[in-house]
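Read off the chains here:
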Amino acid sequence: MTGRANQLVRAEKEEIARAVRTLLGRPLVSRHADPAAFDLIRKRRRPLVQWFDYFCGWRLVVEPGQGYARLAKVSPRADATRPARRTRGSGAPFDRRRYTLLCLCAAELLAAPVTTVGLLARRVARAAAAEPGVPPFDPVRGEERAAFADALALLQHYGALTALHEPPAPAPDAGSGSGSGGEETGQDADMLYRADTTLVTRLLTTPVPPSTLQAADLAALTAEPRYGGDEPNGTQRVLWARHSLVRRLLDEPVVYHDDLTPDQYAYAASPTGRRTIRRAAEEAGFVLEERAEGFLLVDPDATATDSRFPDDGSPAKVAALLLLDPLITGGALTTTRLADEAAGLLRRFPRWARSYQSQDGAARLAADALEVLARFGLARRTGDRVTALPAAARYRVAPDHADLVEDA
């Protein structure tokens, strides 16, 4: 193979790896939001579809004409660590009401893809009133308007809803009208929107359509028939072991042997499993750390990372890093002891973490820091005691880390 051919092969591998990590970090990539990333995925769509199907059992759909790529990441386990977030303001997680209104908006947009905010608000109000178990939607209430606006903003963020044009200016003698809804939703009720109905349907990635279920059942919603259900054959069990193990490696900060199922552990310990894990990591551009306790995938440029640690932009993450030292050196500690450690940090750095500088601030800071440590697989709480996990040894506080705390 010539030098030129070698360069082309290397460039193709690097592009595929970058596209894999991009989709892992952002399972929905659209042309309007990130043209460069979408063009890369479109260019390498065939090997990308094959990669995700072979290693993860996940389906990748690339629609060049409609301008989006959607990776359907499926997991049988509910994961509360990656909620939908508000695109306005603080970026707080969606609550139950916002999820409900998001689903109602999506359903109504499928029936009427060209609409205005005011018309959509009225359709959602009618749908909520007709749906058993769904609280009525009252756009007159401020909290309802905010939740509805957050649902619309998220649909716009994903490119599933697009404003067509600005509404015409009202005539000087025009009345306020009836039911225009502008003041009801916090947006201009006469703004015309168009929904991409195909993309709306792609937002939901469950293998089983919710409309086919007789009752709310998360297990039935995420069932994947290709693995044989409760009575898989040998081939299906191996396929599930491979896909479920690689999914965990890609989705979780660290995977410990003790947390694996017997089938996953047997596959990871086999020569075939080890080769598969190493190949998946290499082809996606990850650095694989294999330790006696488990596995960890490191993304050198953090493309696939949706949440970072360490991170000096969050007081809870800074506190989590600082609290690792007493956890590592002191063994298991009580939550009360961690709160005392957090109180010491707040006294030592009075200008830092101002939202926690209150009477119960130390306990809240310790609790938030512990949540960070648990989410990143660095500590585990059992009852009232907290224990550092093996991956915590990767993080040591530098002597000059106090500067980070003062500036955070």
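Keep in mind that what you see is a predicted model, and the values were worked out from it rather than measured.

Reading guide: rules and limits
Residues numbered from 1 in each chain as written. Predicted model: local features only at pLDDT ≥ 70, side-chain atom pairs only at ≥ 80, totals over all residues. Heavy atoms only, no water. Helix = DSSP H or I, 4+ residues; strand = E, 2+ residues; numbered from the N terminus. Contact = heavy atoms within 4.5 Å. Pairing = 2+ DSSP bridges. Axes fitted to C-alpha atoms, helices over the stretch in contact; angles between N-to-C directions. Expected span 1.5 Å × (residues − 1). Buried < 20%, exposed > 50% of the residue type's maximum accessible area, 1.4 Å probe, protein only. Arc of directions from axis to C-beta.

Looking now at the side chain of Arg-242. In this fold, Arg-242 is placed in helix H10 (residues 234-251). Those residues in contact with Arg-242, other than ones at most four positions away along the chain, are Tyr-54, Phe-55, Tyr-267 and Thr-276.

What follows deals with the sheet that holds strand E2 (residues 59-63). Reading across from one edge, E1-E3-E2 is the order of the 3 strands in this open sheet, with antiparallel pairing throughout. Each end of this open sheet is capped by a strand with a single partner; those strands are strand E1 (28-30) and E2. Looking at each pair of strands side by side, their axes are set apart by 5 degrees on average, direction ignored. Taken strand by strand, helix H1 (residues 3-25) contacts E1, E2 and strand E3 (68-72), and its axis lies near 70 degrees from that of E3.

Glancing now at helix H6 (residues 142-157). If you check H6, its first and last C-alpha atoms are 22 Å apart, about what 16 residues at 1.5 Å a residue would give, namely 22 Å. Burial in H6 covers these residues: Glu-144, Ala-147, Phe-148, Ala-149, Asp-150, Ala-151, Leu-152, Ala-153, Leu-154 and Leu-155.

A word on unusual backbone geometry. In this structure, Pro-310 follows Phe-309 across a cis peptide bond, with omega equal to -5 degrees. Examined against the element boundaries, Pro-310 turns out to sit in the loop between strand E9 (294-298) and helix H13 (315-330). Located in the positive-phi region is Ala-353, a residue other than glycine, with phi close to 50 degrees. Take Ala-353: it is sitting in the loop between helix H14 (335-348) and helix H15 (361-375).

Now for the sheet that holds strand E12 (residues 385-388). Whether parallel or antiparallel, the strands of a sheet pair through hydrogen bonds between backbone atoms. Judged by pairing direction, the sheet is antiparallel, and its 3 strands sit side by side in the order E10-E12-E11 without closing on themselves. The open sheet has two free edges, formed respectively by strand E10 (333-334) and strand E11 (379-382), since each of these has just one partner strand.

Attention shifts here to the environment of Glu-293. Within the secondary structure, Glu-293 sits in the loop between strand E8 (287-290) and E9. Residues Glu-293 and Asp-258, spaced 35 residues apart in sequence, show a C-alpha to C-alpha distance of 7.7 Å. The contacts of Glu-293, once residues within four sequence positions are left out, are Val-255, Tyr-256, His-257 and Pro-390.

With that out of the way, let us pick up helix H3 (residues 45-56). Over its 12 residues, H3 runs 16 Å from end to end, which matches the ideal 16 Å to within 8%, given 1.5 Å per residue. Every buried residue of H3 is listed here: Leu-48, Trp-51, Phe-52, Phe-55 and Cys-56. Viewed along the axis of H3, the buried residues span an arc of 90 degrees, placing them on a single side of the element. Exposed side chains of H3 directed beyond 90 degrees from the buried face belong to Arg-46 and Gln-50. One or two residues past the end of H3 sits Gly-57, with phi positive at roughly 70 degrees.

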